[in-house]
Amino acid sequence: MKVRSSAFASLILIFEVVGVALFLRGFLSESVKSSQSSKSTLDLPPEPLSEGSHNSSHIPQPLFNRVVIMLIDGMRQDFLFGANGRSNMPYTRQLVERGSTLSYVARAKFPTVTMPRIKALTTGSIPAFVEFVMNLNSPSLLEDNLIWQAKTAGKKMIFYGDWTWLRLFPKHFMEHDGVVDFLNDHIEADNNVTRHLDSTLKRDDWDILILHYLGLDKIGHISGPYSPLIQLKLLEMDDVLKKIHSSLVSKEAEGSLPYLLILCADHGSAESGSHGASSEPEINTPLVLISPAFKRKDGMERPNTIEQVDLTPTLAMSLGLPIPQNSVGCAIASVFEESSLRDQLRYLHLNGHRLSCLLKDNIPDYEKEASFEQYRVAEKAHGSWMKRYLDGNPSEVLANMGKKVLKQYSEALSSMSSVLSKQQGKYDMYSMIAGMIFVFQLLLLLLLAMPEALSRSAAVDLPVISVLLSLPFYLLCLLLASVHVLVCTSTQSSCYFCSLSWVLVFAAIAFTSAMSLLLLSMMTRRLPLGLKLYGKPSLKSNEWSLSDLDVFLLVGTAGHTVSLGSSSFIEEEHQTWYFLLSTLCLAVFQDVCRKYFREKRGQGSDDEEFVLPLKDNRKGERDSEKWLALATPLFVLLCCRPLRSLNQTGVQWAHLSDVGHWLNRPEHQVVLSLLSALCLVFIYFLIQRRCSSVSKVALALGLLGVYSYRAAVGNVLFPWQHSGQSMSKGTVEARFVYVFVLGILFTGTKDLLRSQIVTADAKLKNRGLWEIYSGLVLLISLLFRPHNLPVLCCSLLIQSVMAQFIWKKLHYDAAQTTIMHYWFGQAFFFFQGNSNNISTVDISVWMIGLDNYVKGLAIFLTALSTFAGPLLWACHLICYLSSERHRSPVVVGHGCYCLALFRSVPTVAYIVLVTGLRYNLFIWSVFSPKLLYEAMQLLLTAAICLIFNTVEQSRTSAAA
């Protein structure tokens, strides 16, 4: 069975995406869970007593009557506790230094995005990394949580703020007003929360008030954490806290339980203003507990560091509620210091009981854990203390003994919490190994098929029928099915692969068996014995040779793959691509010198393989062509070097100032405006030449709309616009651009279809492809921030000069051109300011032109903006290979095959690496984002390869 190389590569990539998805399903494990199916009730364990004594079910009374939670999205701890804290939030800082408060630095867990953090604050559990994806569409929270417990206990709750709470907790609040999290507005969103405060604080019909302010996070995403708007927003939040605190103090009555005001944050923000990863500024958040129940301070104390989930059991027990089942937090002992010693011990005992239950449910050999033994010892000591206490002989000895038990409890709770947190790193190894074997087989198949796929026939001979009808195939299926049953019945933890239906499992087993025998069959063909059995190889010796440039491209890609074995190289992967791109330019420069300057020596001799065929032999044109080709690699180097300074990326030096920061300062807005306008003009002249007249007009108006949108939101200026003046929110201008994008895409698609259905016109088909490419460029121009437009401009310029003077004139084959496009695409991914850190994903693009959050459109725009570099270079590759008239459809298929091969090698190697390092907890914050990026780029490559296949089919039919 013969399959064209482009179709073969497309199928391999699609199956690889399935294998990577299976691997990710095992790698991105779920949270630590309780085995109880129902939520916690008030059936609490009794107090521990020594043997022979009657256990008491004493439950401490609630500590607080009314609770106000003020959550400021994206607030870093240094905004309050840092050197500028007094100027940022003067009233709050005064309370921290001299008031009745408890101050902490609460460490959030990775990933630091809003929805997982809200889950952590309300359930006390550590959401899995996969929750980052679910953050785009938060489902209703069915897990045991504080909000459900409070509602069950009859607490009346009010919520104002981020509508994520309303999606997680529908019908839980007696009154609410949600604010859409995806609007590019940091003023109106917070005003919608604050406008309810005056009337709500005057009322007495509520027990819990939750406020979630979004403005600070919006400013961080738009302008960064050092924007002048940050301090203005913090002063606004300080005034809000002052208003709440003053109202609570004025309504405090003697004899009643005190109030509790909590100032906290879900996460911080990175130096770029975004969040999602595990850098110190992202995970360190302020936590201030304000209540007359606490001792008044005499001065500023250094805040202690706690875990964010520690707030959950503390707040639950303070309100007389059960601790949520999946809570792994330790109660904050300082909150209970004013309670009786018996109540303090009881609080820690309840917390320890919950953690010990989680240990039993998630660790098979929990009794061997040192932390569990510590808890048992503390519980026995607690029982001895209780016996003496109930005997009625309180004394100083009893108090000292109680303090010792408190210390034992605290150490045991901290140890159990740490063990449970580490359990978050356990993986579904069966699914991971199955996915790894799956993609590894596909990579081997790609490598074995390479000689045939890159031959003149561009077809791969796969003995599929003979494999499926062979006896070893059925025997191997039975063997793998037996292994599957054995693994699923003997494993002590749940496996995703075991939960699948038998139809899917059998399909996977059959596919793996067929692949194994197919690989065996193809390997025997490559052996000398196989050549005798199957005849002469179909590949001629002169068809399979490697030039110096080929060797460099192969070694460079292999070197990048090897570099993925180090977390430092993953964090700073941009340095690898910058080095490879610079070296590639020098290699091309050497190739140009060798081919042009050895041309005269080759004439009239046997060295004619170095002679470059020229259509016009006139000396002037030949010289200009030679010097332009010689200058092109140096020009590319000259373009790429400033782009490296435009956006600092990676981890080690991301905090350093760069040209992008300089351009985005208010005092340099005129410079940014001129640069943006100049780049948009260059973009127009670079891509309009291959478009129709209608598309040229639409493109010009669309680029004008791009500038108008940026002027409307205040990024750039019109000549008649005053600095800082904003015309609108930019919604109309952005939609104006969307209309022209759709128009250009429609025109290009129409031309492409006409060339295949109505008339076999290659020129019309090429124009359609270039128009679709132009529509994508216009859309990306809208999504890019103004300071990043030079990246897009340089990308288009490099594509033009390389195509005109290098790839075309030097007659590079499809394989070489494809790998170069792949390298340039990866480098421009980092030129944009992206990295393998989730916090560099610019989520503000999904607000462009939208009044409300639209899930599908938001995901599409964010992915398009993030992967604009690789996408544009892959699309240019399709347009370039399909427009070269001297290239046959076979050569176009070569490009698809090479693209599939060079995207598969790093992905498969990376999966093998992660499997080997699964016990290193550091991979949660470093390798997980990189794995998702690899999966996304593999999916993107699969789509591009399918387009390659479609183009090849159309060219084949047109030729026929």
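For the structure, see preceding data.
The rules behind these values
Residues numbered from 1 in each chain as written. Predicted model: local features only at pLDDT ≥ 70, side-chain atom pairs only at ≥ 80, totals over all residues. Heavy atoms only, no water. Salt bridge = Lys/Arg side-chain N within 4 Å of Asp/Glu carboxyl O. Helix = DSSP H or I, 4+ residues; strand = E, 2+ residues; numbered from the N terminus. Phe/Tyr/Trp six-rings, centres within 6.5 Å; stacked < 30°, edge-to-face > 60°. Buried < 20%, exposed > 50% of the residue type's maximum accessible area, 1.4 Å probe, protein only. Core = buried A, V, L, I, M, F, W, Y, C linked by side-chain atoms within 4.5 Å. Contact = heavy atoms within 4.5 Å. Disulfide = S-S within 2.5 Å.

With that out of the way, let us pick up the pattern of salt bridges. Once the charged atoms of two side chains with opposite charge are near each other, the side chains can pair. Inspection of every chain in the model, using the stated rule, returns 19 salt bridges. Where R86 meets E97, a salt bridge forms, and the shortest distance between an N and an O atom there is 2.8 Å. Of this pair, R86 sits in helix α3 (residues 85–88) while E97 sits in helix α4 (residues 90–98), and the two are 11 residues apart along the sequence. E280 is paired through a salt bridge with R107; the nearest N and O atoms lie 3.4 Å apart. Highlighted residues: E280 in helix α13 (residues 280–283) and R107 in strand β3 (residues 101–107), separated in sequence by 173 residues. Within the structure, one salt-bridge network assembled from shared partners comprises R66, D204 and K251.

A full pass over the atoms with the stated rule returns 26 aromatic pairs. Taking 6.2 Å as the distance between ring centres and 45 degrees as the angle between the ring planes, the aromatic pair formed by Y375 and Y409 counts as tilted. Pair noted here: Y375 is in helix α16 (residues 370–390) and Y409 is in helix α17 (residues 396–422), with a separation of 34 residues, a long-range link. What makes Y409 buried here is its relative accessible area of 0%. Within the aromatic cluster, the residues linked to one another by ring pairs are Y578, F824, F828, F831 and W873.

This paragraph deals with the nonpolar core. Side chains of a nonpolar character, in soluble globular proteins, are inclined to be buried together. Among the nonpolar cores identified, the biggest contains 157 residues, and F8 and L584 are the most heavily contacted of them. Broken down by element, this core gets its largest block of residues, 12 residues, from helix α35 (residues 789–807). Residue contacts for L584: discarding those within four places in its chain leaves L549, F552, L553, M820, W823 and F824. Among the nonpolar cores identified, the runner-up in size contains 73 residues, and I147, L260, L345 and L348 belong to it.

Here, disulfide denotes a covalent bond that connects the sulfur atoms of two cysteines. For the structure shown, the criterion picks out two disulfides. Here C488 pairs with C498 through a disulfide, and the sulfurs are 2.0 Å apart. Disulfide C488-C498: torsion about the S-S bond near -90 degrees, hence left-handed. A residue pair is termed long-range when its members are at least 10 positions apart, and C488 in helix α21 (residues 471–490) and C498 in helix α22 (residues 496–499) qualify at 10 residues. The exposure class assigned to C488 is partly exposed, which follows from its relative accessible area of 23%. Shown here is the disulfide that connects C896 with C945, its sulfur atoms set 2.1 Å apart. Handedness of the C896-C945 disulfide follows from its S-S torsion of about 80 degrees: it is right-handed. One end of the pair, C896, is in helix α39 (residues 889–916); the other, C945, is in helix α40 (residues 923–959), with 49 residues separating them in the sequence. Classification of C896 as buried rests on a relative accessible area of 0%. The connectivity of the disulfides in the chain is 1-2, 3-4, where the numbers refer to bonded cysteines in sequence order.

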